[in-house]
Amino acid sequence: MPIIKLTKTVIQDARPAKSPYELRDTEVKGFICKISPAGNKTFYLSYRTLARQRRKPKIGDWGVYSVHEARDIARKWLQEVREGGDPSQRRSERRDAPTLDYLCDRFMRDHSELYNKPSTQRGYRQQIAQRIRPAMGRLLISEVTRADIVKMMRDNAYAPTQANRTLALLKKMFNCAELWGLREEGSNPCRLVKMYHTQTRTRLLSDAEVKAIFNALDKAEYERRMAPVYTLACRLQFAFAARIGEVLELRWDWVDFERKLVRWPDTKTGFMEKYMDNDTVELLQEAPSREKSPFVCPAVTDAERPLNIHTYVSSGWRRILELAGVAHCGTHHVRHRAATDIANAVDNVRTGMQMTGHKTVQMYLR
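What counts and what doesn't
- Residues numbered from 1 in each chain as written.
- Predicted model: local features only at pLDDT ≥ 70, side-chain atom pairs only at ≥ 80, totals over all residues.
- Heavy atoms only, no water.
- Core = buried A, V, L, I, M, F, W, Y, C linked by side-chain atoms within 4.5 Å.
- Buried < 20%, exposed > 50% of the residue type's maximum accessible area, 1.4 Å probe, protein only.
- Helix = DSSP H or I, 4+ residues; strand = E, 2+ residues; numbered from the N terminus.
- Contact = heavy atoms within 4.5 Å.
- Salt bridge = Lys/Arg side-chain N within 4 Å of Asp/Glu carboxyl O.
- Pairing = 2+ DSSP bridges.
- Patch = residues over 30% accessible without salt bridge, like charges linked within 9 Å, V, L, I, M, F, W, Y side chains within 5 Å.
- Areas by Shrake-Rupley, 256 points an atom, 1.4 Å probe, with all protein chains shown as cover.
- Lys, Arg positive; Asp, Glu negative; His and termini not counted.
- Charge placed at Lys NZ, Arg CZ, Asp CG, Glu CD.
- Axes fitted to C-alpha atoms, helices over the stretch in contact; angles between N-to-C directions.
- Parallel < 35°, antiparallel > 145°, perpendicular 65-115°, else oblique.
- Nonpolar A, V, L, I, M, F, W, Y, C, P; charged D, E, K, R; others polar.

> Quick rundown of the nonpolar core? Include the residues and the values.
In this structure, Ile213, Phe240, Cys297 and Tyr312 are the most contacted members of the largest nonpolar core, which totals 41 residues. If you list the elements that add at least two residues to this core, you get helix H8 (207–223), helix H9 (228–240), helix H10 (244–248), strand E8 (261–267), helix H11 (278–285) and helix H12 (309–324). For this core, the element with the highest residue contribution is H9, accounting for eight residues. With residues near it in sequence (within four places) discarded, Ile213 still touches Leu205, Cys234, Phe238, Trp317, Ile320, Leu321, Ala324 and Val326.

See the structure below:
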């Protein structure tokens, strides 16, 4: 093994041989340039750790690094070795370290699929596919910084609501990363990153609009303009101040006529029960699906399945609004209006939350 001070000229003049050979530097102990039979010239550092283990990590190819740059790296690595470190092992660990792509997969498998509802899981997968993986998927979990999160927020400023949701998801993911030992405790990079201010767009149906909707329901039923299940679902959403999904998934097994009580085993906020007034009891007792389907609002073509929400919106709710002459709005506006009426009618916040099925005081007051 030739021992010579490595310079640009020495490396340039080195010719390949039948077998690879090495040029060892006289200035920095262990600094080597290896010449392959194909003529490739690569810098290495040969050293022993304090535990007497031999290492020979690659620094880089000549051309990518100059002799001066490679020698400086070799000096830094040797200093690390003297302090008890092992540059080769550190590089290996970094190369094998999990990325944010791995965290996305593990978060969905070990957290979301265990604790979140299917609709929440679908939303998370969409945010991960559209915003997180493309922007940060290849970054190491341990090296994601607050600056990376701020950049993600800035890049998605055109859609502030979605950016806020992605930030909230990332915060949960990095909390799990700390729990699983993938990041140091208290190092969540989402901490202190502010969400965008968004304008709340909640339209409250007026008294005149509600009256027009109920007149349209009466007319649709009298003139048989649509299947009775559509008008029934609409009336029940007003009666229960419920989410439309809760109405469409309602089963007869959950209805207790004797106690005038309806129990949902599982909703967005978990178990929920609501009492019925006499009008609601009568509405359910006269429902066409009673004793014909397990669902209060079954699909028109298959009584063994609940009415699909998209079918209800397109074939029921939109037609009801057209018949009522009310400007288009989502089905959740029914819940907003009915919940507001309840909030105005009761003095006790806890009672109001139970009647409307809200989980937090903040959402109920909103």
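> Hey, could you go over the pattern of salt bridges for me, with residue numbers and the actual values?
One pass over the structure, following the stated rule, counts 22 salt bridges. In this structure, the salt-bridge partner of Arg55 is Asp86, at a minimum N-O distance of 2.9 Å. A residue pair is termed long-range when its members are at least 10 positions apart, and Arg55 in strand E5 (residues 54–55) and Asp86 in the loop between helix H2 (67–82) and helix H3 (87–96) qualify at 31 residues. For Asp86, a relative accessible area of 11% corresponds to the buried category. One salt-bridge network, held together by shared partners, links Lys5, Asp25, Glu27, Arg71, Asp72 and Arg75.

> A description of the sheet that holds strand E7 (residues 255–256) should follow, citing residues and the corresponding values.
The strand order across the open sheet formed by three strands is E7-E8-E9, and the pairing between neighbours is antiparallel. Each end of this open sheet is capped by a strand with a single partner; those strands are E7 and strand E9 (270–275). As judged from the two bridges shared by E7 and E8, these two strands associate in the antiparallel manner. Of the residues in E8, the one forming a bridge with Val255 is Val262.

> Account for the environment of Thr331, naming residues and giving values.
Within the element layout of this structure, Thr331 appears in the loop between H12 and helix H13 (332–345). Remark: the alpha-carbon pair of Thr331 and Cys234, spanning 97 residues in sequence, is separated by 8.6 Å. Residues in contact with Thr331, not counting those within four places in the same chain, are Gln237, Ile244, Tyr312, Val313 and Trp317.

> Quick one: what's the story with the pairing of E9, residue by residue and with numbers?
Relative to E9, E8 runs antiparallel, the two being bridged by five bridges. If you follow Leu261 over to E9, its bridge partner there is Tyr275. Adjacent in sequence and paired antiparallel, E8 and E9 are bridged by two residues.

> Kindly report on a negative patch on the surface, identifying the contributing residues and their values.
On the surface, Asp277, Asp279, Glu282 and Glu286 cluster together to form a negatively charged patch. Its location among the elements puts Asp277 in the loop between E9 and H11.

> Before we move on, could you go through the packing of H9 against H12 and cite the residues and values that matter?
The N-to-C vectors of H9 and H12 enclose an angle of 75 degrees; their axes lie 10 Å apart at closest approach. Judged by the inter-axis angle, H9 sits roughly perpendicular to H12. Across the interface between the two elements, Tyr230, Ala233 and Cys234 of H9 pack against Thr311, Tyr312, Ser315, Gly316, Trp317 and Ile320 of H12. Taken together, the residues of the contact of H9 with H12 break down into six nonpolar, three polar and no charged.

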